[in-house]
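Coordinate analysis (summary)
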Amino acid sequence: MKSFEYVIKDELGIHVRPAGLLSKEGKKFKSDITIEKDGKVVNTNKLMAIMSLGVKQGETIIVKVEGEDENEAFDAIQQFLESNL
């Protein structure tokens, strides 16, 4: 398993558009990709679960990736967050 912390930079936080794109990105991989905020953990494949976290600008999330393609998934999700959030 690989994990990293990320501070949300987008002024709107994780809103509908980037949450949808994040979910789509996560579905490309076989690995289990989760986001944790304040002890609540959700799978990136579930758009409404991502939205339920209510992540705002300046808040930190923990991303965990585990599975057979975790290295590729880890790099892709990290790049996605840096480019979009």
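Figured I'd write up the structure that's included with this text.

1. Topic: the environment of Ala 76
Along the polypeptide, Ala 76 turns up in helix 3 (residues 70-84). The exposure class of Ala 76 is buried, given its relative accessible area of 18%. Sequence separation between Ala 76 and Lys 28 is 48 residues; the distance between their C-alpha atoms is 9.7 Å.

2. Here we look at the packing of aromatic side chains
In the structure shown here, the tally under the stated rule is one aromatic pair. Relative to Phe 74, the ring of Phe 4 has its centre 5.1 Å away and its plane inclined at 85 degrees; by these criteria the two rings are edge-to-face. Within this pair, whereas Phe 4 is found in strand 1 (residues 2-7), its partner Phe 74 is found in helix 3, the two being separated by 70 residues in sequence. Taking relative accessible area as the criterion, Phe 74 reaches 10% and is therefore assigned buried.

So, how was this worked out
- Residues numbered from 1 in each chain as written.
- Predicted model: local features only at pLDDT ≥ 70, side-chain atom pairs only at ≥ 80, totals over all residues.
- Heavy atoms only, no water.
- Helix = DSSP H or I, 4+ residues; strand = E, 2+ residues; numbered from the N terminus.
- Buried < 20%, exposed > 50% of the residue type's maximum accessible area, 1.4 Å probe, protein only.
- Phe/Tyr/Trp six-rings, centres within 6.5 Å; stacked < 30°, edge-to-face > 60°.

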